Amino acid sequence: MQKLKILFAASEAVPFVKTGGLADVSGMLPQKLAELGHAVKVALPRYSAIPENLMNNAQDDITFDIDIDKASHSLDLIRLVHNKHDLEYLFIGNDFFYDRPELYRDPKTGKDYIDNDDRFLFFCRGILELLPRIKFHPDLIHANDWQTALLPAFLKTAYEQDIKYAEIKSILTIHNLAYQGLFPDASFDKLGLEKDLFYATRPFEFWGKLNFLKAGIIYADVISTVSQTYAKEIQSSKEYGAGLEGVLKERSDDLYGIINGVDYNEWSPSKDKHLFRKYNQKNFSGKKINKIELLKHANLPPRDNVPLIGMISRLADQKGFDLLSKAADELLSLDIQMIILGTGEKKYHRLLQDLQTRFPDKLKAFITYDNTLAHRIEAGADMFLMPSRYEPCGLNQLYSLKYGTVPIVRATGGLADTIEQVDFDYGTGTGYLFEKYGAKAMMTSIKQAVRHFSKKRKWRQIMKNGMSKDNSWDASARKYVELYNVALSKK
């Protein structure tokens, strides 16, 4: 196997900072690539939100200036070797850009920082200017989402004739196409590129605005997204493509889907330090104890033969809460109990608070973020509901499989790729899927699962089917290496 030199660029990564699934990927994939023997460096902004204890062994390195919009800004590089495989983190520091209470949004206004274009232009330019200074010439740069999408664009424009960047290929992974990095047209002048790229050939232009992600899609050697079905969906219609479906269709031959993996050291019922009792598929007694303790924590009456449905989600239309709103009375009239964890749109905060008042023995909603409780819901619930309008990959359905918590999902994106429809008569499949995005279709699947739950022997077989699936990062990392080699073969 050829040893590759890889620069992995992302705007967030565990264990340092996280707002969503991108951080999980950026935390685990580079580690797995390093374990496979590749030389990997991860570039991240040096946010003030990063806990200081995680930076105890970090070393200050070099400082130099980057010009953004006729102003000079100092870049302070901090380096950290994080694990035994010499995986190195390159933290791009600048207090003006990154000493803020949140990563992307101003908590005072609830809106994106107005200078996010400057902040991530600085990040991308800084990475490219940094590479020759630290004498690292990667074979490939792996960019992620709009925050780093300028990297493949710059490689094919501003830096194309510079020998220091010769032969560096790029891959852009789209984790969620809904977020594109849209800015006023005047922001294009900050990039220092020929105006024809905006006004004539238009790889950067989107309905009169500057679009970071569109530029990355056009210029990257290879594009990936986080499931095969999502890769097809985003080319198919405006609903999924968010206005970029035509651009993506033009790059169809270079667009691939790779499912995210799971860190089974963190998400496995046999190892999970958050649980009341650990368990595995040979002994489910621990799962029963987790259900009892979870119900107690939620102040719901223990009812062993009644299915407990869990949800851990952002409370938003995209996640199917409009369906839940329409079907709430019918759903809670069933002989079930539910525990929901998450935050999001205020209308759904109010909905859940109203429903738990009306159905105090059936529903408990925790309107918060709580990692320990998330683990306990995965372990204690019998079923897990994910009725998403769209879902690029999804991770909770993968966690649910490993915890023997049978998923009920809409057949979209990564949900369609990872859950196999149950055939209860034959004891096959891993979960329940519904095709049409509608409350009636969702309720049909839920009612089917509730009927099946009483048949314990066959239900346990469905649980075991899911628990036996391997969705670890090892397989996903190898697929990314294959994709890197596809990018390297591009002329």
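Refer to the structure above for everything that follows.
Analysis parameters
Residues numbered from 1 in each chain as written. Predicted model: local features only at pLDDT ≥ 70, side-chain atom pairs only at ≥ 80, totals over all residues. Heavy atoms only, no water. Helix = DSSP H or I, 4+ residues; strand = E, 2+ residues; numbered from the N terminus. Rg over C-alpha atoms; globule rule 2.2 N^0.38 Å. Buried < 20%, exposed > 50% of the residue type's maximum accessible area, 1.4 Å probe, protein only. Contact = heavy atoms within 4.5 Å. Areas by Shrake-Rupley, 256 points an atom, 1.4 Å probe, with all protein chains shown as cover. Expected span 1.5 Å × (residues − 1). Patch = residues over 30% accessible without salt bridge, like charges linked within 9 Å, V, L, I, M, F, W, Y side chains within 5 Å. Salt bridge = Lys/Arg side-chain N within 4 Å of Asp/Glu carboxyl O. Lys, Arg positive; Asp, Glu negative; His and termini not counted. Charge placed at Lys NZ, Arg CZ, Asp CG, Glu CD. 1 Å grid on protein atoms, 1.4 Å probe; cavity = no way out; pocket = protein on both sides within 12 Å on 5 of 7 lines; lining within 4 Å. Points joined across faces, edges and corners; volume = space filled by probe spheres on them. Nonpolar A, V, L, I, M, F, W, Y, C, P; charged D, E, K, R; others polar. Pairing = 2+ DSSP bridges. Axes fitted to C-alpha atoms, helices over the stretch in contact; angles between N-to-C directions. Arc of directions from axis to C-beta.

Draft legend 1. The arrangement of the overall build of the chain in detail. Across its full length, the chain carries 18 helices and 20 strands. The C-alpha radius of gyration of the chain comes to 23 Å, within 12% of the 23 Å expected for a compact globule of 491 residues. Counting the 491 residues in the chain, one finds 60% classified as buried. When contacts within the chain are restricted to residue pairs at least 6 apart in sequence, those whose partners lie at least 24 apart make up 71%. Counting only carbon and sulfur atoms, one obtains 47% of the accessible surface of the chain, whose full area is about 21000 Å².

Draft legend 2. A look at helix α10 (residues 285-297). Along its 13 residues, α10 runs 19 Å from first to last C-alpha, staying within 8% of the 18 Å computed at 1.5 Å per residue. What α10 keeps buried is the set G286, K287, N290, K291, L294 and L295. Check the buried side of α10 and you find it contacts β15 (308-312), β16 (337-341), α13 (371-380), α16 (439-453) and α17 (456-467). Following α10 by one or two positions, N299 adopts a phi angle in the positive range, close to 55 degrees.

Draft legend 3. Quick peek at unusual backbone geometry. Note the cis peptide between V14 and P15, where omega equals 10 degrees. Here the phi dihedral of K135 falls at roughly 55 degrees; this positive angle occurs in a residue that is not glycine. By the secondary structure assignment, K135 is in the loop between α3 (116-133) and β8 (140-144). A relative accessible area of 75% means that K135 is categorised as exposed. In the Ramachandran plot, R202 falls in the positive-phi region, its phi being about 60 degrees despite a non-glycine side chain.

Draft legend 4. Spotlight on a negative patch on the surface. Among the surface-exposed residues, D60, D76, D95 and D99 lie close enough to one another that they form a single negatively charged patch. Within the fold, D99 resides in the loop between α2 (95-98) and β6 (105-106).

Draft legend 5. How the structure looks around empty space enclosed by the protein. For the structure on display, the rule yields two cavities of 30 Å³ or more. By volume, the largest cavity amounts to about 40 Å³. What lines the largest cavity is simply L324, A328, L331, L332, M338, I340, L352, L355 and L363. Elements with a contribution of two residues or more to the lining of the largest cavity: α11 (321-333), β16 and α12 (346-358). The dominant element in the lining of the largest cavity, judged by the number of residues it contributes, is α11, at four residues. In terms of residue class, the lining of the largest cavity is made up of nine nonpolar, no polar and no charged. When its volume is computed, the second largest cavity comes out at roughly 30 Å³. The set of elements that each furnish at least two residues to the lining of the second largest cavity consists of α14 (396-402), β19 (406-410) and α17.

Draft legend 6. Seen up close, a positive patch on the surface. A surface patch of positive charge is lined by K288, K456, R460 and K464. In terms of residue count, α17 provides more of the positive patch than any other element does, three residues in total. Summarising the element assignment, K288 is placed in helix α10. Since its relative accessible area comes to 46%, K288 is described here as partly exposed.

Draft legend 7. Quick peek at the sheet that holds strand β10 (residues 182-183). Spatial strand order, β10-β12-β11: three strands in an open sheet with antiparallel pairing. Only two strands of the sheet have a single partner each, and these edge strands are β10 and β11 (205-206). As paired strands, β11 and strand β12 (residues 209-211) are joined by two bridges and run antiparallel to one another. In the strand pairing of β12, E205 is matched with L210. Where helix α6 (residues 212-219) meets the sheet, its contacts fall on β10, β11 and β12, and the angle it forms with β12 comes to roughly 50 degrees.

Draft legend 8. Representation of the sheet that holds strand β4 (residues 71-81). Reading across the sheet, the nine strands line up as β3-β4-β5-β2-β1-β8-β9-β13-β14 and stay open at both edges, with mixed pairing between neighbours. Sheet topology places β3 (59-68) and β14 (255-257) at the edges, where each strand pairs with a single neighbour. Mean inter-strand twist for the sheet, computed between neighbouring axes without regard to direction, equals 25 degrees. Across four bridges, strand β1 (residues 5-9) lies against β8 in parallel orientation. Each residue of the ladder has a partner; that of L7, found in β8, is I141. Of the strands in this sheet, β1, β2 (39-45), β3, β4, β5 (88-93) and β8 are in contact with α3, which crosses β3 at around 120 degrees. Sheet strands in contact with α6 are β9 (169-174) and β13 (222-225), and its direction is about 130 degrees off that of β9.

Draft legend 9. Fine view of the side chain of H452. One can find H452 in helix α16. H452 sits in the buried class, given a relative accessible area of 12%. Setting aside its immediate chain neighbours within four residues, H452 contacts F424, Y432 and W459.

Draft legend 10. The arrangement of α12 in detail. Look at α12: 19 Å from first C-alpha to last across 13 residues, which is about the 18 Å you get at 1.5 Å a residue. For α12, every residue scored as buried is listed here: Y348, H349, L351, L352 and L355. Taken down its axis, α12 places every buried residue within 165 degrees of arc, on the same side. Exposed residues pointing more than 90 degrees away from the buried face of α12 are listed as K346, R350 and T357. Contact partners of the buried residues in α12: α11, β16 and β17 (363-366).

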